[in-house]
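Observations on the model geometry
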Amino acid sequence: MARVVSLYFPRWPTDRIRKAGSDGTPPPDKPMVVISRSGSKRSVCAADDAARKLGLRVGMPASKAQALVADLAMYDADPVGDLAALDKLALWMLRQYSPVVALDGVDGIVLDTEGADHLQGGEEMMLSGMVNRLRGVGVVARAAVADTWGAAHAIARLTAAEWTVVPVSETAKAVLELPIVCLRLAPETINGLRVLGIESVGQLSAMPRAPLTLRFGPEVGRRLDQLFGRVAEPIDPIRSPEIVEVNRLFAEPIGAAETIAKYVGRLVMELCADLETRGLGVRRADLIVHRVDNTIQAIRAGLAKPVRDDKRLTRLLTDRIEKIDPGFGIEKLSLVAVWSEPLEERQQSSSLIEESVVDVTPLVDVLGNRGQRIYRITPVASDVPERSFKRVGPMSEEAGIDWPSNWPRPSRLFAKPEEIEVMNVLPDSPPRTMTWRGKRRRIVRGDGPERVFGEWWLRDAELHAVRDYYVVEDENGERFWVYRAGDGVDTATGSHRWFLHGVFG
Amino acid sequence: MRTHVRPSGIIDELREQISKLEGGAARKAESLPFGIPEIDGKLPGGGLAFGALHEFAGGGSGTVDGAAAALMVAGIAARTKGKILWCLSRPDLFAPAISQAGLHPDRVIYVEADKEEDVLASFEEGLAFGGLGAVVGEIVRLPMVMSRRLQLAAEKSGTMGLALRRWRRQTEANDYGQPTASVTRWRISQLPSEDLPVAGVGRPRWLAELMRSRAGECAEFCVGACDGKGRLSLFPPMAYGQDQEGRVRWHTAS
């Protein structure tokens, strides 16, 4: 079963005008509408949030809107420009999220993310990430993921939530209550159905099919079947001229893993030859599998650096060949370089004397495409231990910096410091005993305190916060990193409770 | 009478034949010495063999965290050349400590997986890749079949595999007695640190138990923890009765 994400941009025309940011674009708090014209009638076809708050609605005559709101910013509708901008956004999503992306009407994008969500940390993370990133550039979006295009489309448009995840095979439950406007039917059909008293999808699907078809044509039944996933609705992925694509059609559908692997190898050779003539290397390659039952499957290979090496690409794509379900057979394979970057040839220095440094990017690519998190850890200038490091990409520039080594650091740091009970005699000395996880230990040696101040220049709440860290060793030689929240004298600096933050080797 | 051929000659010849049969690895057995003759002398090849799997675990109550074993592994990796792949599923390793054991943060690439099988798969992939200094895998279980695959991958590429065993509960550590294909198996327990003339914690000390060594003997060493370059140092057996449990029988330092 596919997993389809539908994105809906309720204010696309106004958002686009603001985003384009040409001179004279009104500030976000100023109401703004887009006016479309049909014949001599001018009416509002999009209104931003500020305008909606003032009572302006889509479909309202332009003169009425102007009368209601003084000083209203009005723009002429530009459907071609809107569509072009949407196309650009879809191409970006093609690189970023999934190999199969298409436009969904004039105000939406649809993606098939089956097998692609794990690279974004799961479906919830993926959807919230999409919505937040779009909001960051000033585009209001609502997203939904479901088993079918129809369901995702309906839920994205008809629920108030910013993003919705419909669990696998719970589509029917999620859509039964929705009104029939979500069915992507012609307005006349919707009106006709309403006359019959049908309001929700549940009511419609309970109707006998034959009279419905007789009265409204086959479209109603088809849309219902698409909504529930009874018939497939393949998404035809968008392409742009700069995307390099090679295809192979099979007169006789193929299915065996070895056959697929063989043809993938040939397609990769073809693609690499094509890329070579353009001087490009591929960063993201998609293998799209068209099956005879008119469904599409895709395998994406991401690369940390542009690559034009057919062996490596073949390896990455065939690594996950078991994920392909050939069904009744595959009739077409396409290999698409959705993201390519210039790749210059460099002469390799002869390594007669010096040992050549081995490039580990092929390994990183293989592991990354299996969905593992790959990173390096690099220092951050912070005294607070849990903030003293950050993750960077595995192939990012080598920073060459290191942590200061004047104090020992534990080899295991607990994500959440664990509270301990201690007995100590002086505020400045390490504790004498500590009880951790129910076991009391006598402490024979200790070092400290190492005082860590809160980062008051970043966080107001930490203006007075202090932690005193001690290295302590119990009588068995086990060494721990403990701290007291607070300086031991002034209660404004912390709770004065003790915590265990890590264990030394 | 041409009867006596020196038996060692025959054995050498046979060894050569066997090594030829064993996957045609005409590779010279290379190893990474600790730089301490007492330890290197116990290891066949004079150090930890490259192209082999080595197992490390914490001893005593350190089995769950494996904190000392992790540092030991970091110190060994620090003394190799090239990038280090560190496969794990519980990201509680504190990178500054690893750097204090001599392993610069730029050299370590972490691979974090959700499942144990994925950690093992990354471990094997890293070993088979070749060109890495060492591959570290933090794993709970190491079945015989998997350890053999890892060992084969290491043999083929000549990369050192360092399996860092840690468990979620102390009782699970019984698993460490099960046979695996690893060439050496170590247990690193913490000992009271070096005595200082003033109050404070001195250089940490470990009891490094070589529990298994293929074609070698078991041994125990009392060592000072890795310094800033990943080197260990040998301590004389503690004569001053600091060890109150008396569970350790000390070897003399010769």
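The model shown is predicted, which means the values in this text are computed figures rather than measured ones. (Residues numbered from 1 in each chain as written. Chains lettered and ligands numbered in written order. Predicted model: local features only at pLDDT ≥ 70, side-chain atom pairs only at ≥ 80, totals over all residues. Heavy atoms only, no water.)

Here's the deal with the sheet that holds strand β19 (residues 479-485) of chain A
All names here are of chain A. Basically, it comes down to this: By definition, two strands form a pair when at least two bridges between them are found by DSSP. Helix and strand labels come from DSSP, where a helix needs a run of H or I of at least four residues and a strand needs a run of E of at least two; each type is numbered from the N terminus. In this description, a line fitted to the C-alpha atoms serves as the axis of each element, helices being fitted only across the stretch in contact, and the angle between N-to-C directions of two axes falls anywhere from 0 to 180 degrees.
An order of β15-β16-β17-β18-β19-β20 is seen for the 6 strands of this closed barrel, with the pairing classed as antiparallel. Each strand of the sheet is rotated relative to its neighbour by a mean of 45 degrees, with strand direction disregarded. As judged from the 7 bridges shared by strand β18 (residues 466-474) and β19, these two strands associate in the antiparallel manner. The partner of V471 across the bridge, within β19, is W481.

Quick notes on the environment of A:T25
Residues and elements named next belong to chain A. Heads up, the rule is: Should any heavy atoms of two residues lie within 4.5 Å, those residues are considered in contact.
Looking at the element boundaries, T25 is found in the loop between α1 (12-20) and β2 (32-38). T25 sits 200 residues away from D225 along the chain, and the two C-alpha atoms are 44 Å apart. Apart from residues no more than four positions distant in its own chain, T25 is found in contact with I17, R18 and Y75.

A closer look at the side chain of A:S43
Residue placement: A:S43 occurs in strand β3 (residues 41-47). In this structure, A:S43 is in contact with A:V34, A:I35, A:S36, A:G59, A:M60, A:P61 and A:A62, ignoring residues within four places of it in sequence.

Brief notes about the packing of aromatic side chains
Geometry of an aromatic ring pair is reported as the spacing of the ring centres plus the angle between the planes. Heads up, the rule is: Centre distance within 6.5 Å is the pairing criterion for rings of Phe, Tyr and Trp, where only the six-membered ring of Trp is used; planes under 30 degrees apart are then read as stacked, over 60 as edge-to-face, and the remainder as tilted. Relative accessibility decides the category of a residue: with a 1.4 Å probe and only protein chains considered, values under 20% of the type maximum give buried, values over 50% give exposed, and everything between is partly exposed. Placement of a positive charge over a ring is assigned whenever Lys NZ or Arg CZ falls within 6 Å of the ring centre and within 35 degrees of the normal to the ring plane.
On inspection of all chains with the given rule, the structure shows 18 aromatic pairs over all chains. Centre to centre, the rings of A:F9 and A:W12 are 5.2 Å apart; their planes meet at 40 degrees, and the pair counts as tilted. Accessibility classification places A:F9 together with A:W12 in one group, the buried group. Every member of this aromatic cluster is reached through a ring pair, and the members are A:F389, A:Y469, A:W481, A:Y483, A:F499 and B:F94. A:R184 extends its terminal NZ or CZ atom over the ring of A:W149, reaching a point 5.5 Å from the ring centre. If you follow A:R391 out to its NZ or CZ, it ends over the ring of A:Y375, 3.9 Å from the centre.

As for the sheet that holds strand β6 (residues 108-112) of chain A
Residues and elements named next belong to chain A. Pairing is mixed in the open sheet, where 5 strands are placed in the order β5-β6-β1-β7-β8. The open sheet has two edge strands with one neighbour each: β5 (100-103) and β8 (163-165). Each adjacent strand pair in this sheet contributes to an overall mean axis angle of 15 degrees, direction not counted. Two elements, β5 and β6, share 4 bridges in a ladder whose sense is antiparallel. Considered in β6, the bridge of V101 is made with L111. Seen against the sheet, helix α4 (residues 79-96) touches β1 (4-8), β5 and β6 and runs at an angle of roughly 170 degrees to β5. Sheet strands touched by helix α5 (residues 123-136): β1, β6, β7 (142-146) and β8. Its angle to β8, the strand with the most contacts, is close to 165 degrees.

Considering the nonpolar core
Put simply, the rule reads: To qualify as a nonpolar core, a set must consist of buried Ala, Val, Leu, Ile, Met, Phe, Trp, Tyr and Cys residues joined through side-chain atoms within 4.5 Å.
Counting 47 residues, the largest nonpolar core has B:F56, B:W86, B:W186 and B:W206 as the members making the most contacts within it. Residues A:V131, A:L134, A:V139 and A:I235 belong to the second largest nonpolar core, which totals 35 residues.

Looking at the pattern of salt bridges
Pairing between side chains of opposite charge can happen when their charged atoms approach one another. Residues and elements named next belong to chain A. For the record, the criterion: Any carboxyl oxygen of Asp or Glu within 4 Å of a side-chain nitrogen of Lys or Arg constitutes a salt bridge here.
Per the counting criterion, the structure on display carries 63 salt bridges over all chains. Notably, a salt bridge pairs R3 with D147, separated by 2.6 Å at the nearest N-O pair. On the criterion of sequence distance, the pair formed by R3 in the segment before β1 and D147 in the loop between β7 and α6 (149-158) is long-range, its members being 144 residues apart. Residue R370 is joined to D319 by a salt bridge in which the shortest nitrogen-to-oxygen separation is 3.1 Å. One end of the pair, R370, is in the loop between α14 (361-369) and β13 (373-379); the other, D319, is in the loop between α13 (310-318) and β12 (330-342), with 51 residues separating them in the sequence. Since its relative accessible area comes to 30%, R370 is described here as partly exposed. Via salt bridges that share partners, R184, E219, R222, R223 and E233 belong to a single interconnected network.

Things to note about helix α5 (residues 116-129) of chain B
Residues spaced three or four apart along an α-helix point in a common direction, a consequence of the helix completing one turn every 3.6 residues. Residues and elements named next belong to chain B. This is how it is decided: To estimate the expected span of a helix, count its residues, drop one, and scale the result by 1.5 Å.
Taking 1.5 Å as the rise per residue, α5 with 14 residues should run 20 Å; its terminal C-alpha atoms sit 20 Å apart, in good agreement. Taken residue by residue, α5 has E116, V119, L120, S122, F123, E124, E125, G126 and L127 as its buried positions. Positive phi shows up at G130, right after α5, with a value of about 80 degrees.

Some remarks on a nonpolar patch on the surface
We count it as follows: Like-charged residues within 9 Å of one another, or nonpolar side chains (Val, Leu, Ile, Met, Phe, Trp, Tyr) within 5 Å, are grouped into patches, provided each residue has over 30% relative accessible area and no salt bridge. Note on areas: these come from Shrake-Rupley sampling with a 1.4 Å probe, and a residue is covered only by the protein chains present in the view.
A cluster of nonpolar side chains, A:W456, A:W457, A:L458 and A:L463, forms an exposed patch at the surface whose accessible area comes to about 500 Å². Relative to the helices and strands, A:L463 resides in the loop between β17 (439-453) and β18.

Notes on the confidence of the model for chain B
Heads up, the condition is: Values of pLDDT, ranging from 0 to 100, describe the predictor's confidence in every residue of the model.
Of all residues in chain B, 86% have pLDDT values of 70 or greater, and the mean over the chain is 84. Low pLDDT, under 50, characterises residues 239-254 of chain B; the predicted model gives this stretch 24 contacts beyond four residues in sequence or across chains.

Looking at the interface of chain A and chain B
The cut-off we apply is this: The buried area of a pairing is the accessible area, by a 1.4 Å probe, that goes missing from both parts when the two are put together, added over both. Only Asp, Glu, Lys and Arg are considered charged, only Ala, Val, Leu, Ile, Met, Phe, Trp, Tyr, Cys and Pro nonpolar, and every remaining residue, Gly among them, polar.
The interface is formed by 53 residues belonging to chain A together with 57 residues belonging to chain B. Of the roughly 4500 Å² buried between chain A and chain B on both sides combined, carbon and sulfur atoms contribute 52%. Among the residues chain A hides against chain B, the three largest losses belong to A:R373, A:R412 and A:R445. Together they make up 17% of the total. There are 10 salt bridges connecting chain A and chain B. Across the pair A:R373 and B:D114 runs a salt bridge, and its minimum N-O distance is 2.7 Å. Mapped by element, the contributors of at least two residues to the side of chain A that touches chain B are α14, β13, β14 (389-392), β15 (412-423), β17, β18 and β19 of chain A. Top element by residues in the side of chain A that touches chain B is β13(A). It accounts for 6 residues. A breakdown of the residues in the side of chain A that touches chain B according to their chemical character gives 27 nonpolar, 9 polar and 17 charged. Sheet topology note: the β13(A)/strand β5 (residues 108-112) of chain B ladder contains 3 bridges and is antiparallel.

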